[in-house]
Amino acid sequence: MARTTDSDLAPHELRVLVAIADTGAFSAAAGALGLTQSAVSHSVRGSERKIGAVLFERGRGGARPTPAGQRAVAHARRVLRLLDVLTAEARGAARSDAARGQLRIAAFRSAALHLLPPVLERLRARHPWIEPRVRIVREVGRGTAGEVADGKADLALATLGGSVALEPGLVTSGLFEEPYALVHAAGHVAPRSLPLVDWAENCGSYTRDWWTAQDWIPEATVVAEDDGAVLSLVSAGHGMAIMPALSLSGAPDSVRITELGPTRPTRRVGYVTTPELARSAVVRALVRELRAAVPQGAGV
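As the structure is a computational prediction, the values presented were derived from the model and not from experiment.

Enquirer: Please explain the overall build of the protein as it appears in this structure.
Expert: Each helix and strand in the protein was counted, giving 10 helices and 11 strands. The burial tally for the protein puts 46% of its 300 residues in the buried class. Of all intrachain contacts in the protein linking residues separated by at least 6 positions in sequence, the fraction that spans at least 24 positions is 73%. For the protein, the accessible surface area stands at approximately 15200 Å², while carbon and sulfur atoms represent 53% of it.

Enquirer: How do you make sense of the packing of aromatic side chains when you look at a structure like this?
Expert: To describe a pair of aromatic rings, one takes the distance between the centres and the angle between the planes. Going through the model one piece at a time under the given rule, you end up with one aromatic pair. On the basis of an interplanar angle of 85° and a centroid distance of 6.2 Å, the ring pair of F26 and F56 is categorised as edge-to-face. Here F56 lies in strand β1 (residues 56-59) and F26 lies in helix α2 (residues 26-33), a separation of 30 residues in the sequence. In this structure, F26 and F56 share a single accessibility class: buried. Above the face of the W216 ring, R192 is positioned so that its terminal group lies 4.0 Å from the ring centre.

Enquirer: Explain the nonpolar core to me, please; I cannot follow it from the model alone.
Expert: Across soluble globular proteins, nonpolar side chains show a tendency to be buried alongside one another. If you look at the biggest cluster of nonpolar residues, it comprises 30 residues, and the most contacted ones within it are L103, L157, L286 and L290. Every element with two or more residues in this core is listed here: β3 (101-107), α5 (109-126), β5 (155-160), β6 (171-185), β11 (266-273) and α10 (281-293). The residues touching L103, leaving out its near neighbours within four places in the chain, are R81, L123, I130, E131, P132, R133, D154, V282, V283 and L286. Among the nonpolar cores identified, the runner-up in size contains 18 residues, and L17, A19, I20 and F56 belong to it.

Enquirer: Help me out: how do you make sense of the environment of G143 in this one?
Expert: Tracing the chain through its elements places G143 in helix α6 (residues 143-149). Excluding residues within four positions of it along the chain, G143 makes contact with V137 and R138.

Enquirer: Sorry, what's going on with the side chain of R77 here?
Expert: Here R77 is to be found in helix α4 (residues 67-94). In this structure R77 touches V18, A21, D22, D150, G151 and K152, once residues within four positions along its chain are discounted.

Enquirer: Would you mind showing me how to read the environment of A200 here?
Expert: As for its position among the elements, A200 is in the loop between β7 (196-199) and α7 (205-213). Sequence spacing of A200 and H127 is 73 residues, and the spatial spacing of their C-alpha atoms is 36 Å. With residues near it in sequence (within four places) discarded, A200 still touches R138, V140 and A224.

Enquirer: Explanation requested: the pattern of salt bridges in the structure shown.
Expert: Proximity of charged atoms lets side chains of opposite charge pair with each other. For the structure shown, the criterion picks out 17 salt bridges. Between D22 and R77 there is a salt bridge, and its shortest N-O distance comes to 2.7 Å. A residue pair is termed long-range when its members are at least 10 positions apart, and D22 in helix α1 (residues 11-23) and R77 in helix α4 qualify at 55 residues. Assessed through its relative accessible area of 53%, D22 is described here as exposed. We classify R77 as buried; its relative accessible area is 15%. A salt bridge links R142 to D150, with the nearest nitrogen and oxygen atoms 2.9 Å apart. Through salt bridges with shared partners, one network takes in R71, R142, D150 and E167.

Enquirer: Mind showing me how you'd approach the side chain of T273 here?
Expert: One can find T273 in strand β11. Engagement of the side chain of T273 in a polar contact is seen with the backbone oxygen of D154, the distance being 2.6 Å.

Basis of the calculations
Residues numbered from 1 in each chain as written. Predicted model: local features only at pLDDT ≥ 70, side-chain atom pairs only at ≥ 80, totals over all residues. Heavy atoms only, no water. Helix = DSSP H or I, 4+ residues; strand = E, 2+ residues; numbered from the N terminus. Buried < 20%, exposed > 50% of the residue type's maximum accessible area, 1.4 Å probe, protein only. Contact = heavy atoms within 4.5 Å. Areas by Shrake-Rupley, 256 points an atom, 1.4 Å probe, with all protein chains shown as cover. Phe/Tyr/Trp six-rings, centres within 6.5 Å; stacked < 30°, edge-to-face > 60°. Lys NZ or Arg CZ within 6 Å of the ring centre and 35° of its normal. Core = buried A, V, L, I, M, F, W, Y, C linked by side-chain atoms within 4.5 Å. Salt bridge = Lys/Arg side-chain N within 4 Å of Asp/Glu carboxyl O. Polar contact = N/O pair within 3.5 Å; in protein donor to acceptor, adjacent residues only side chain to side chain.

Below, the structure written as structure tokens:
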């Protein structure tokens, strides 16, 4: 039987690291955990000694994770989550239903609005003991996949093949390719002459080469916060936009959607998880429902 060593971090030490990262201060972490501040400080010193690196920068403004601390906190979140999954699945197996417990999902806005609702409805019908928790995360920088890497989500709905590489060690799988289309106010006789309305998430490398080759697309003169705002501005006649299919789900009658032809850009939508959680009952149940929701012929 394996024995712990002096370099092993115990679960309570991991919880202290996560609490400090979440609250930004030793004192606030102590309050959140029901400990004294001296106990939190002692725990951190012990963790730093075992790891051999300074994990937090201490100052008047609180405590911020160092680069080593950021990695330690991310792994701490993932280890603590696996302990939760261990307990939930063991209890579920004893009741002949291993798919139970919390399921944390990170999704970009259009996926959360248009893809997830019917998926979660079927998931709840088949697995009533699963408790989904959905967070909408902007798909910029590390995006939704970063939530998984940092241990904040069990599975992320993400755009794959973008300009920011996924962190190594994550499990990814494509679900479908969604085409981009031109959208503009209904009734406009020359929509390509309109100014361009865009948003920060609409800039992945999967569209970059296509955009560069289109001499009719001007620089964006209006930049909105998200695709919902873009669609609203376009509907009001403030410009045209080039948007992926999910963002155009439920578009109002006041806009027209025009296909961009056979060379149109596409966006690959899939999921990201960790190797450990990919084998968990809750994630496998969600993946089955996601794949069942993909339209025939749209899978990748």
